[in-house]
Amino acid sequence: MMVPILAWGADLSSDAKGRSQRFSFISIAGTVAPVIFFAIPFLPVFESTEVTPETLKVVVYVSVVLMPLCLFVCMWRVPDPPPDASRIGKKDRLQKMCRWSVNGNALKKQPDRS
């Protein structure tokens, strides 16, 4: 899960300051999320401070709400890459992702079938 996020963060900015800001945000979010998860049982609405099915249900509800919102913000705020001949096309990228997900061979040169 971390490889696509790290690759995406490196691809979003061409300067060191922008990459540093993005990776700092990823690191901070990765630290704050578990703290929030373990703080939910301490909310005053629960009878105990233990992780129970009731508290896990709240975690699921919060995740169901926050995940689409965060995904929407990412899709809205991330700029489209400039057209560049050195970038691979969408079709090639999809084929490489499929090959990698099936057997990890995305980096191997495939024979030309044309």
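Look up: the structure comes first, before these words.
Residues numbered from 1 in each chain as written. Predicted model: local features only at pLDDT ≥ 70, side-chain atom pairs only at ≥ 80, totals over all residues. Heavy atoms only, no water.

Draft legend 1. A look at the overall build of the protein chain. Scanning the protein chain for helices and strands turns up four helices and zero strands. For the protein chain, the N- to C-terminal ordering of α and β elements is α-α-α-α. When each of the 114 residues of the protein chain is scored for burial, the buried share is 9%. (Helix = DSSP H or I, 4+ residues; strand = E, 2+ residues; numbered from the N terminus. Buried < 20%, exposed > 50% of the residue type's maximum accessible area, 1.4 Å probe, protein only.)

Draft legend 2. Structural detail: the environment of Leu43. Locating Leu43 in the fold gives a position in the loop between α2 (16–39) and α3 (53–77). For Leu43, a relative accessible area of 42% corresponds to the partly exposed category. For the pair Leu43 and Thr55, spaced twelve residues apart in sequence, the C-alpha to C-alpha distance is 9.5 Å.

Draft legend 3. Main features of a nonpolar patch on the surface. On the surface, a cluster of nonpolar side chains totalling about 330 Å² of accessible area is made up of Val62, Val65, Leu66 and Leu69. As for its placement among the helices and strands, Leu66 is situated in helix α3. Leu66 gets classed as partly exposed once you look at its relative accessible area, which sits at 44%. (Patch = residues over 30% accessible without salt bridge, like charges linked within 9 Å, V, L, I, M, F, W, Y side chains within 5 Å. Areas by Shrake-Rupley, 256 points an atom, 1.4 Å probe, with all protein chains shown as cover. Salt bridge = Lys/Arg side-chain N within 4 Å of Asp/Glu carboxyl O.)

Draft legend 4. A look at the packing of aromatic side chains. Applying the stated criterion across every chain, the model contains one aromatic pair. Residues Phe37 and Phe38 carry aromatic rings whose centres are separated by 4.9 Å and whose planes lie at 80° to one another, so their mutual orientation is edge-to-face. (Phe/Tyr/Trp six-rings, centres within 6.5 Å; stacked < 30°, edge-to-face > 60°.)

Draft legend 5. Looking closely at the side chain of Thr55. Relative to the helices and strands, Thr55 is located in helix α3. Leave out the neighbours within four places in its chain, and Thr55 touches Ile40, Pro41, Phe46 and Glu50. (Contact = heavy atoms within 4.5 Å.)

In short, shape yes, function no, at least from these values alone.
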